[in-house]
Every structure is written in structure tokens, then in C-alpha cells.
Amino acid sequence: WDETTPGAYIGNNAGRVTKGAAYGYLGKNWLYAASPLMNGMETGDYSSYNTELAKKAADAFNGLLKLADEGYYRLLDWPDYSKNFWTMTANENLMGPEWVWGHPYYRQSGKASRGEHMLQQFGGTAAGYAPPTLELVNKFGMKNGLPIDAAGSGYDPADPWKDRDPRFDYSIIVDGEQMLFYTTTHDVDKYAQFFTGGRHRGNAVTGFGQKKFLGKGANKLDNKWNNNTLFIVPYMRLAHAYLMYAEAANEGYGGPDGKSPGGVMSAKEAVNFVRQRAEVPNVDARYLTSKEVFRNTIRNEIGVETCLEGQQWFDYRRWYIAHLPENRTKTGLNFDKNHTYFTPFTVTEILFDPKKHYWLPFRRDEVSLYPEFYQNPGWE
């Protein structure tokens, strides 16, 4: 934008729509159109994608990936991963090379407590904290790249947080983890007490906390946050675009080896590329045997990479899986201070009628404007 004449405000153009953002959202729109939900509405088949529309999605995403290949975008290195989400450094611009699009800002926000991201004892609000569920925690595999339920993964149910995917360690707070780093006057809050009956279990009702958007010391006890503190979620990151490309190429071009004509990479290469940033090994061969098998791997990878970024609500609907019992039940984990037992329990069960809740209703006065404007399914 700073290199163009129309509409240019030199040095003040961060967040404007670019060619890369246009490719990214064109791809996302085609991917939604190709999705099982939309395909089911059109054909009655809610189990598969529209192949031709998936190809269009892959081709659009490939335009963005080519720009990345030319150096206009890139994944941040793992040590800098946090710069996608937060900063406590004066004048640091979070709209870095991984941001495809995000909301424009030109100043930092100060001590924004962000109740959904911060425990009440540390400055969050009494209500609104969003503790990760056991379902989310279990999406994260092991450092060796295998899912926790895979043969040979090394997962130990008696020590469940050991040797997990580095993105798990980056995003999730577990019981006993250090949460205060600078203060000596609040030692009672220094380590997470998420065990059943623990001091911090009130907000962290599931037995887990989150830290994806918080810098070390960004709380009212350490008090290392300042007027330079900023928490933000990009609308689209390049990592997510790679994974959506993988989803579209897998469905449109015939499986894990499928790719857009002239494509930068295949579906499986795109997933592996995102994993490699966190030093997670490539997808194991047993999950590359078919389009359907790899589909679940891609979906899980999207859940891991974009966790807590507000994507799942939309993904579960477009994939037509929001009504399934395993996706309506939100589970926590009960355990004692010494971790001698771990017992899952149901926190809540979401009511979801597949005949109606995949869509929101239109206002009655709007659907009465003319006969062809009909109400959404289930809301008649």
C-alpha cells in the first residue's frame, strides 16, 4: 500500500486489504461453499465435499501460497510465534509477515485484562474466562508427531502432559505450571492449582487454563504489563491458509498428494510445512492412506494450530459435525493434587438440533418482503 498512489497514507496502511488477503478470502469462501454442510443443502449428501468447488478453493489459496513463496508472506519462526498474538514492547507491529489480514490498529491498548484469556486472580473478570476443554487438549498430539491414541505415540495416561506437541506447551496451562515469574509477595498464586478443589479451579473449571495471548508477567500480580501491552487475534494467518489449502486440495484433487495445477505444494506437504515450524514430525504414513483418513488429520491440525482463535464454531458447522454427541459434550478433567487419578467429567452438553441450529433465523418482517425470500430451515 505504501507503494501505491490511490488511497495511500504512507506509513499508516497496516491492516488494509491486500492481494494476499483477497486470495485468502476467495479461497475461504469457495471452501465454505464446497463444505459438507453446503453440499448437503444442495444435494442431500452431508458426508462429502463438492469436488469442483474444492478445486476452486485450492486454486485461490494457491495464489496466496505463491505470494508467500515469492517472499511477501512467511511463517514466523517458532521463537517468534507469540508475535502473532501479543506484545509488551513499545511500537512493535504485530501485523508481521504471517498476517494475511487483521483488524487495523495504530496504537497499543494498555492493560487490557481480557477476561476470556486471564484467570480472575491475575486480573481477569469474574465471568467469561474460557478454559480449554479436554476435547481441545486431546487434539494435541505428541512431540513425535503421533496422536495420543496412536500405537507407538508414547502417551502416558498417568503423566498426560509429558512430551506433547510444542503448541500444547505454548497454548495450554496445566496443573503445577509456573504462572508468576517476578513477584515474591503472591507465592500462593505462583503455580497453577487446577486440581479438584485447587485455588485456581474456580475459573479453570475444566482443569486447564490458557496462555496463548498472554506474555510472561502480563498480569496484575507480576505487573509487568504496561501501556505497550496488546492482545489481538488476526483474522487470517498464513499458517491457517496453508491448512485450508490442504483441506481443499485433499478434497478437490484426490487426496494427500493432490495439489492445485502449478501448485506450490501438495495437501500433505502443506500440513507438514505448518507442523515443521513447531518441530513436529511429518504426518505418519498410516494417516495418508486415503482422502477420508487424511481429512480427519487436516481437521485436527486446524484445531491445534488455530486453537482459541475463534475458528472452531465455524469449522464444526461447515463440516456438518456440530450435532454429533462428541462435539456437543464439553468435558473437563478431575484429578487430585498428586495426580494419582484422572477422571473425565461432563461440564455441559450443548443443545443442538441439526434440522435447525446449523442456521440462524431471519427476522420475520424480512422474510415477508417477497415470496422468494424464505426462512432458514427449521425456523419456519
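To be clear, the structure that these remarks concern was listed above.
Keep in mind that what you see is a predicted model, and the values were worked out from it rather than measured. (Residues numbered from 1 in each chain as written. Predicted model: local features only at pLDDT ≥ 70, side-chain atom pairs only at ≥ 80, totals over all residues. Heavy atoms only, no water.)

Participant: Any details on the environment of Asp-353? Residues and values, ideally.
Facilitator: Mapped onto the elements, Asp-353 comes out in the loop between strand S8 (342–349) and helix H11 (364–367). Taking relative accessible area as the criterion, Asp-353 reaches 31% and is therefore assigned partly exposed. Through-space distance from the C-alpha of Asp-353 to that of His-323 is 6.8 Å; in sequence the pair is 30 residues apart. (Helix = DSSP H or I, 4+ residues; strand = E, 2+ residues; numbered from the N terminus. Buried < 20%, exposed > 50% of the residue type's maximum accessible area, 1.4 Å probe, protein only.)

Participant: Lay out the packing of helix H3 (residues 51–69) against helix H6 (residues 238–252) with the relevant residues and their values.
Facilitator: Packing of H3 against H6 leaves a shortest axis separation of 8 Å and a crossing angle of 145°. Between H3 and H6 lies a crossing of left-handed hand. Packed against H3, whose contacting residues are Thr-51, Ala-54, Lys-55, Ala-57, Ala-58, Phe-61, Asn-62, Leu-64, Leu-65 and Ala-68, the element H6 presents Leu-238, Ala-241, Tyr-242, Met-244, Tyr-245, Ala-248, Ala-249, Glu-251 and Gly-252 at the interface. Split into classes, the residues belonging to the contact of H3 with H6 amount to 14 nonpolar, three polar and two charged. (Axes fitted to C-alpha atoms, helices over the stretch in contact; angles between N-to-C directions. Left-handed = near helix turned anticlockwise from the far one by under 90°. Contact = heavy atoms within 4.5 Å. Nonpolar A, V, L, I, M, F, W, Y, C, P; charged D, E, K, R; others polar.)

Participant: Can you lay out the packing of helix H1 (residues 19–34) against H3 for me, pointing to particular residues and giving the numbers?
Facilitator: Interhelical geometry of H1 versus H3 gives an angle of 160° and a closest axis separation of 8 Å. With respect to H3, the element H1 is oriented roughly antiparallel. Viewed along their axes, H1 and H3 form a crossing whose handedness is left-handed. Residues Lys-19, Gly-20, Tyr-23, Gly-24, Leu-26, Gly-27, Lys-28, Trp-30, Leu-31, Ala-33 and Ala-34 of H1 touch H3, and the partners they reach there are Leu-53, Ala-54, Lys-56, Ala-57, Ala-60, Phe-61, Gly-63, Leu-64 and Leu-67. Here the contact of H1 with H3 is composed, by residue class, of 13 nonpolar, four polar and three charged. (Parallel < 35°, antiparallel > 145°, perpendicular 65-115°, else oblique.)

Functional significance is not addressed by these values, which are geometric in nature.
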